[in-house]
Structures are given as C-alpha cells and as structure tokens.
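# Coordinate analysis (summary)
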Amino acid sequence: MQISPKFLHANSTSHTWPFSAIAELIDNVYDPDVHARQIWIDWTRIRGLDCLSFMDNGEGLTSRLHKMLSFGFSEKKAAKFHIPVGVYGNGFKSGSMRLGKDAIVFTKTRDTMSVGLLSQSYLEAIGAQQVLVPMITFRRDGHNHVEDGASLRAILTHSLFNSEKELFAELRAISAARPTGTRIIIWNLRTSTNGETEFDFDIDKYDILIRVNTSDKSNMTGEMTPESEYSLRAYCSILYLKPRMQIIIRGQRVKSQLISKSLTHIAQDNYRPSFLNKRVSITFGYNTKSKENYGIMMYHKNRLIKPFVKVSCQCKAERKGVGVIGVIECNFLQPTHNKQDFDDTDKYRKIMHNLNIKLEEYWNESRYKRKKEDPKCTVAIEDVLKVPDQVWVCDSCLKWRRLPDAITELPDKWFCSMNYDPQFRSCSVEEELEDEEEDQKSYPKPFKHQRRNTKSLLEENVPDSTQTQERPALTTTQAPRHPPASVMSGLSLAEKSPLPLINLTAVSNSLRRAKQKFLTIETQMEVTPSFLVPSLTPPQERSSQTHWPALNEERKPLTQSDTLVSKAVCGMMEGIESHQGPAAAEETCHVDDEEEQEEEECNLAEVQQWQDELMELMNETAEERDACRQELEVLREHSAALEDERNQLISRSVEEEKSRLSALCHQLRSQLSELREHSQQGKEEKDDSSKLRTLRLNLSCLLVSFIPSLHLEHVDYNSDVTDSILTQVLEHIT
C-alpha cells in the first residue's frame, strides 16, 4: 500500500481553523510519552521566509521519530492520572501540513540525535509517486550512519539548512533548555489570495493573531467574538482544563487559567446520563471578563474541544444565560479527527439537551437568589462588575495554589515562596485538592423546588370532575390504613400516624351537607327559640320529612353534644376545603334530598369515629415522644460517662508514656556518659602510644651513630626491638 504525496494536503484540510493545527502539535508535547514541562512557540525568519518554530524540553523522539512521521501509529499510554490526548496517530502530519507545506524535525535523546523532513516541496521537486520522509540519526560523537547518506543529502538540498554545521546548530539550540527535547520548524506558511500569511506577527509582538479576524471582532449576530478565536495566547490559556505545562509564545509565558476556577457565582451541578454508571460534574458560573463571551466549554481528556457552545436557551430572543459559562469534561463522547467537535451521535444530542436544562436552571436560580438577597436591585446580575470566586496561580513548579479571595492582582512571576498560606509555601509540597475533587454535591435549587411545589398545588386544586363523580367514597373499613411512602417521607412523627385514607372529594360533599344542616338549625334556634329540632331518626321514619324542619310533636331541643358534633363537622369541613383548594371547594355533587337524609346519620357517626381515632393517635404520639426523650437522656448520661472514662484512659496512658520515656532518657544518658569515658581513655592510650613511638624513633636515630649498619626503614617502632638494641649499646658502653 502506497500513500500519494497529494494525501498530505488532503489530510490537512480536516483543520478548517489554523489554531486547531497548532493545538495538535501542543498535544504531542503534552502527552505522557514526551511529558515536556515547557513548549516555546515563536515566529522567525530563515532565508527570507516566515517560519513557525515549536521547541519543547521533553524526552525526545529519536526512537519514535519514524512512527511520528508515519500515518496511523499511536502507542501513547496513560501515566498515573495523565491521559494522552492523541489517539489517531495523525496529529503531527495533519497539523504541520495545515500550517505550511514543509516541516523539519530536530530531536535529541540522551544517546542519539535525529533529523526528519516532511516536505511537500521536496516530493514535488523529485516527482515522487509516494510519500518519502528523509531521516538521519547522529551519534553523540557527530558521525552519522552510512545508510543515512542519501537522506542527509536530501535534507541539505531541499530544506532551509544547507550544511551539517547548520543542522548541529539547531540541535544545540535544544540543549539551551534541557539535554533532551524536540524542535520543529515549519515554512512555506499558508497564504491568502493577496500573498499575506494567515497569521499576523506585527500587531502584537508577544502574540500570534489570525489576520482575518483582527479588524472585525464581531460575528454575524452582532455578538463579540471570543478573543480565543483570533489570539493564540488567549486560546492556549484555556486549551487544557487543568494545565500541566507552560506555554511560551514569542518569549512571553502564557498565563494559563483554571477555567472552572476563573468564574464568579460558581455552582457545581451533577448529571447522570442513562448510558453511564457515574455522574458527570458540570460547573456553572459568570464570565468575569466579558458578559458577551458565554456558552459551554466542552473538554475531552483535559483538552478543549468546543469552546463557548451556546445551548438552545442562550440562542432565544430573551437571551437567557447571557454571561454564563458552563464547564464539562465529556470523556464519554468521541471527538472528530481535528479535535474541534464531537461526533453527532445520540449520546451527544442527549448531553446537549440536558446541558440546556441545567444551564437554564442555573440562570433562574442565580437571578432568584439575587432578587431574594436584594429585592430593590434593578441591575441585572450579568451587568455587575465581577471578580473570580477563587484565585489559583501556577508558575515555576507547575503546581496550582489557591490564594485568598481578597487577592485581585498578582506580579508577572509568582512562586510558591510568595504564598500566603504557609502550608503550601514550598514547591515540594503536593498540590491541594480542588472543590470537584472533594466529592462536592449539587448546589441547592430553591427556585426549582418552589416552582415544582406550586405546580403540584395547582394540579391538586383542579381535579378531574369525571373521575370525581365516578369514584365512590371509601368507608373506614375499605380505606387503606397507611398513606403511601411518598407522602409519609415529608411528614412529622405526629403526621405519620396510621390514619385511614379517605376519598376527600366524595366525603367533603357529605360533610358540606351536614354543615349546612347544622348551620340552618342554629340559625332557626336564634330566630325562633320556640322551634324544636327533630331528632336523628332512622331513614325509614324520616322518609316523609322535608329538608327544612317543621313543627310537630316529635321534635326535641338541640343538645350540647349535637352542638359539639356540629362544630367538629364544620372544623373538618374547613380542613378538607383548605386541603383541596378553592377549585375543589366549589365543586358540588348533586344528589336527591332522600339520599342526603339517608347519609346524614352515617356521616356523623363516621366523623365521631374519626375524631376518637385521632385523639387516640395523638395520645400515642405524645407517649412515644416522652419515651424518646427519656431514651435521649439515658444516652446523654451514657455518653458523658464514656467521655469521662476516655479522658481518664488518656491521662493514664500519657503518664505511663511519660514515665517510660523518662526512664529511657535516664538510661541513654548513662550510656552516653560511659561512652564518653571509654572514648577519653582510648584517646589517652592513643596519645601515650604515639609518644612512645616518637621516642623510639628518636633513639633509633641516635643509635645509628653507634651501629652504622642499622637500617631505620626496617625497624618496627611499635615493638620492643629498639628497646633491646638500646640495652645492648648501653651495656657495651658501660
């Protein structure tokens, strides 16, 4: 299988935006197989041509340069918590050829140095029918392999460097940062129809800008274009969700930011997709720089894929969500080959739909909270000058540190030794945890709960009239003894009593009729005291009676118990009406007068029974409450006793440990004194031995005059030989 040279250009067209091509080269440096700490991006001019240069201080690519310049090879693996971004093995080829027609790679490891040329101009010049990539490898002594001779000649002929000396000069430039690393130079940059490059290097000497957007910074809808769309420095500052590498553009370091920590009014929300077994964290907050730049920041494996994506509620005429930024890491989605979008799948559409819901909830909650805190405020929350809720900085050691909220301005270079928190004032201290790493729960949503409760009340107050008429009233024996769990979950101990469930709509009609009857009776007693009220007779005896009381001999005065029952009925009627709401209170059930008379006595008996059961339940609840209080007092006493016992044990163990340590200290002091004495004795013995040896040496020098044949170099001064010779000489002299 062969690859046509035209494929290099066709492959690069996947990048419709030049910064996406640059991001591919940065990803190769960021991934764990290279793991560079810094990358330098610069503009330079070589032999009159504008060039882009990329240099890092990573591990080098000599052993992997062949696969890097080939297509589809990717052996990147995760290291600890560092997940590689690249997956397709195509990033360098598509990215470099999108920026320019030619690229040369210089790379150094600890053992070798290599150079590779990926050039469309070279392939056109030699009329190649397939992609050829000249590569050479140098040893540290400067000698190249014999088989690399043809590749070396091709590189020197068709690149910007015409001698080995110039190649070695570029390799030495890598050593300025670290002994290992990689340097890439791209030339013949893509130009527009007027011959100018797509990048502008003159407006800002510390940035690389896209020329087409520098004059018009507003889109078709009149909204301000985010700075990251045309400024490489701004784009690189948000390229990674949690930056771990310094990016230096044209000699000045990019101030990377934790995008999820650079917002204000931050709220953490959770969403659990149906196709995942865990929740996905979503961070919402207001942009502190410009309210015109808002939307969802969608990351994948720590890498920015889609910035400032406006969900449906932000695209409507009422402009909901203005100034709100959402941050989410979508590792469960699949990015496209240019890593600037996600595949349009069912998962992607579902996540966008739910992001729209979550962002609209945050918008409503933030405005509701502001109105509740300051009802008189007329300025919208998105128009208020804001500062980030938290300040995080990162510099020399590439560790992020949290600063106090009062800090708003920082020097250009900040180091851990300048930290206000002494706990994190050293570069050797581990990085502190972020809020989302502390298993933070979703933020409270009072506005959502209030709206849900209001909707539930409205639904309860407008029941279905057809179902109400067809649903028969439940008697005490037919009704279930316990309410459902969903109702019991929000009730207190007294409200959780096993009261019988009743069809309130059906019962309220009967109670309303009873209430009207008793009110009518009381009114008639006040107007005509001489009238007597008929007693509660069985239905068969009252069949001939009318609804209004008549004068007859069977009537009797209204007793006190009847009055109490009437008050109880009225009270229960008012409770049912307040529970059902105005709509249900106005609903009536039209029945005949004969049916009303037949139900009156039964309903009054049921009301009395319910009242008795309610009193019993209240008494039981009071008894349970008193028992719980007594148990609580016993537990408190037991806890106090355990606390006293614990304090005693602690004091006892402390005293024992103190006495043990004191004895051990005394023992160590004794041993130290003995060691000092032995050391002093040994020192004195050593001094005496040294003096004796010196004396023997001096005597030997004197004995040479008496014994010329005595050789001092053969004399052992540590033995008694010198003493015996001296004794013999003295005997001879005397």
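All values derive from a computational prediction rather than experimental measurement. (Residues numbered from 1 in each chain as written. Predicted model: local features only at pLDDT ≥ 70, side-chain atom pairs only at ≥ 80, totals over all residues. Heavy atoms only, no water.)

## Points about a negative patch on the surface
A contiguous patch of negative charge, built from Asp 612, Glu 616, Glu 620, Glu 623 and Glu 624, is present on the exposed surface. The topology assignment puts Asp 612 in helix α15 (residues 593-706). On the basis of relative accessibility, which here comes to 38%, the residue Asp 612 falls in the partly exposed class. (Patch = residues over 30% accessible without salt bridge, like charges linked within 9 Å, V, L, I, M, F, W, Y side chains within 5 Å. Areas by Shrake-Rupley, 256 points an atom, 1.4 Å probe, with all protein chains shown as cover. Salt bridge = Lys/Arg side-chain N within 4 Å of Asp/Glu carboxyl O. Lys, Arg positive; Asp, Glu negative; His and termini not counted. Charge placed at Lys NZ, Arg CZ, Asp CG, Glu CD. Helix = DSSP H or I, 4+ residues; strand = E, 2+ residues; numbered from the N terminus. Buried < 20%, exposed > 50% of the residue type's maximum accessible area, 1.4 Å probe, protein only.)

## Overview of the pairing of strand β15 (residues 324-329)
Where burial is concerned, most of β15 is hidden: five out of the six residues are buried. Note that strand β12 (residues 280-287) and β15 share five bridges and pair antiparallel. Pairing of Thr 283 across the sheet is with Val 327, part of β15. Sheet topology note: the strand β13 (residues 295-300)/β15 ladder contains five bridges and is parallel. Its bridge partner being in β15, Met 298 is matched across the sheet by Ile 328. (Pairing = 2+ DSSP bridges.)

## Focus on the pairing of strand β9 (residues 246-249)
Strand residues, when the strand is regular, have side chains that alternate between the two faces of the sheet. Side chains of β9 alternate between two faces, with Gln 246 and Ile 248 and Ile 247 and Ile 249 buried alike. Bridge count between strand β1 (residues 38-46) and β9: four bridges; the pairing is parallel. Across the sheet, Gln 38 pairs through a bridge with Gln 246, a residue of β9. Here β9 pairs with strand β10 (residues 252-253) via two bridges, running antiparallel. Residue Ile 249 lies in a different strand from β10, and its bridge partner there is Gln 252. Remark: two residues form the turn of the hairpin made by β9 and β10, two consecutive strands paired antiparallel; Arg 250 in that turn has positive phi of roughly 50°.

## Observations concerning the nonpolar core
Core analysis: the largest hydrophobic core is formed by 59 residues, its most contacted members being Ile 26 and Ile 41. For this core, the element with the most residues is helix α2 (residues 18-30), which contributes eight residues. Excluding residues that lie within four positions of it along the chain, Ile 26 makes contacts with Ile 39, Ile 41, Cys 236, Leu 239, Tyr 240, Met 245 and Ile 247. With 28 residues, the next largest nonpolar core counts Ile 282, Cys 313, Ile 328 and Phe 342 among its residues. (Core = buried A, V, L, I, M, F, W, Y, C linked by side-chain atoms within 4.5 Å. Contact = heavy atoms within 4.5 Å.)

## Let's talk about a nonpolar patch on the surface
Together, Leu 614, Met 615 and Met 618 make up a nonpolar patch on the protein surface, roughly 290 Å² of accessible area in all. Examined against the element boundaries, Met 618 turns out to sit in helix α15.

## Regarding unusual backbone geometry
Trans peptide bonds make up most of the peptide bonds, and negative phi angles are found at most residues other than glycine. One non-glycine residue, Arg 47, adopts positive backbone phi at about 55°. Unlike most non-glycine residues, Phe 308 shows phi in positive territory, near 55°. As for its position among the elements, Phe 308 is in strand β14 (residues 303-309).

## Observations concerning the packing of aromatic side chains
One pass over the full model with this rule turns up 15 aromatic pairs. Taken together, a centroid distance of 6.4 Å and an interplanar angle of 10° make the contact between Phe 19 and Phe 199 stacked. Separated by 180 residues along the polypeptide, Phe 19 in helix α2 and Phe 199 in strand β7 (residues 199-200) bring together distant segments of the chain. Neither Phe 19 nor Phe 199 differs from the other in exposure class; each is buried. (Phe/Tyr/Trp six-rings, centres within 6.5 Å; stacked < 30°, edge-to-face > 60°.)

## Quick word on the side chain of Glu 170
Its location among the elements puts Glu 170 in helix α7 (residues 164-174). Reaching out from Glu 170, the side chain makes a polar contact with the side chain of Arg 183 at a distance of 2.7 Å. (Polar contact = N/O pair within 3.5 Å; in protein donor to acceptor, adjacent residues only side chain to side chain.)

## A look at the confidence of the model for the chain
Per-chain confidence: the chain averages 76 in pLDDT, with 71% of residues scoring 70 or above. Low pLDDT, under 50, characterises residues 465-507; the predicted model gives this stretch 53 contacts beyond four residues in sequence or across chains. In the predicted structure, residues 524-559 sits below a pLDDT of 50 and forms 35 contacts with residues beyond four places in sequence or in another chain. (pLDDT = per-residue confidence, 0-100.)

## Observations concerning the packing of α2 against helix α4 (residues 91-99)
At a minimum axis separation of 8 Å, α2 and α4 run at an interaxial angle of 140°. By the angle between their axes, α2 is oblique relative to α4. α2 and α4 meet at a crossing whose hand is left-handed. For the pair α2 and α4, contact is made by Pro 18, Ala 21, Ile 22, Glu 24, Leu 25 and Asn 28 and by Gly 91, Phe 92, Gly 95, Ser 96, Arg 98 and Leu 99, respectively. Considering only residue class, the contact of α2 with α4 consists of six nonpolar, four polar and two charged. (Axes fitted to C-alpha atoms, helices over the stretch in contact; angles between N-to-C directions. Parallel < 35°, antiparallel > 145°, perpendicular 65-115°, else oblique. Left-handed = near helix turned anticlockwise from the far one by under 90°. Nonpolar A, V, L, I, M, F, W, Y, C, P; charged D, E, K, R; others polar.)

## Considerations on the sheet that holds β12
Pairing is mixed across the open sheet formed by five strands, whose spatial order is β11-β12-β15-β13-β14. In this open sheet, the two edge strands, each paired with only one partner strand, are β11 (263-271) and β14. With strand direction ignored, the average angle separating the axes of adjacent strands in the sheet is 20°. Bridge count for β13 against β14 is four bridges, and the pairing is antiparallel. What sits directly across from Ile 296, in β14, is Val 309. Helix α9 (residues 346-373) contacts β11, β12, β13, β14 and β15 of the sheet and is inclined by roughly 135° relative to β11.

## Here's the deal with helix α6 (residues 149-158)
Helical periodicity: at 3.6 residues per turn, an α-helix aligns residues three or four positions apart in one direction. Those residues of α6 that sit buried are Gly 149, Ser 151, Leu 152, Ala 154, Ile 155 and Leu 156. Looking at the buried side of α6, the elements it contacts are β3 (100-108), β4 (112-119), α5 (120-126), β5 (135-139) and α7.

## With respect to helix α16 (residues 721-733)
If you check α16, its first and last C-alpha atoms are 19 Å apart, about what 13 residues at 1.5 Å a residue would give, namely 18 Å. Every buried residue of α16 is accounted for by Thr 722, Ile 725 and Val 729. An end-on view of α16 places all buried positions within 65° of arc, on one side of the element. Relative to its buried face, α16 has exposed residues pointing more than 90 degrees away, namely Gln 728 and Glu 731. (Expected span 1.5 Å × (residues − 1). Arc of directions from axis to C-beta.)

## Remarks on the sheet that holds strand β6 (residues 181-189)
Taken together, the eight strands give an open sheet; going across it, the order is β5-β4-β3-β6-β2-β1-β9-β10, and neighbouring strands pair in mixed fashion. This sheet does not close on itself; its edge strands, each paired only once, are β5 and β10. Helix-sheet contacts for α4 involve β2 (49-56), β3, β4 and β6, and the interaxial angle to β3 is about 130°. Together, β2, β3, β4, β5 and β6 form the strand contacts of α7, whose direction differs from that of β3 by roughly 65°.

## Thoughts on the pattern of salt bridges
This model, assessed by the stated rule, comprises 21 salt bridges. With a closest N to O distance of 3.6 Å, Glu 196 and Arg 211 form a salt bridge. Placement of Glu 196 in the loop between β6 and β7 and of Arg 211 in the loop between β8 (209-210) and α8 (232-237) is noted, with a sequence separation of 15 residues between them. The partner of Asp 626 in a salt bridge is Arg 625, and the shortest N-O contact between them spans 3.6 Å. Residue classification places Asp 626 among the partly exposed residues on the basis of a relative accessible area of 34%. Residues joined by salt bridges that share partners form a network here, namely Asp 269, Lys 358, Glu 361, Lys 445 and Lys 448.

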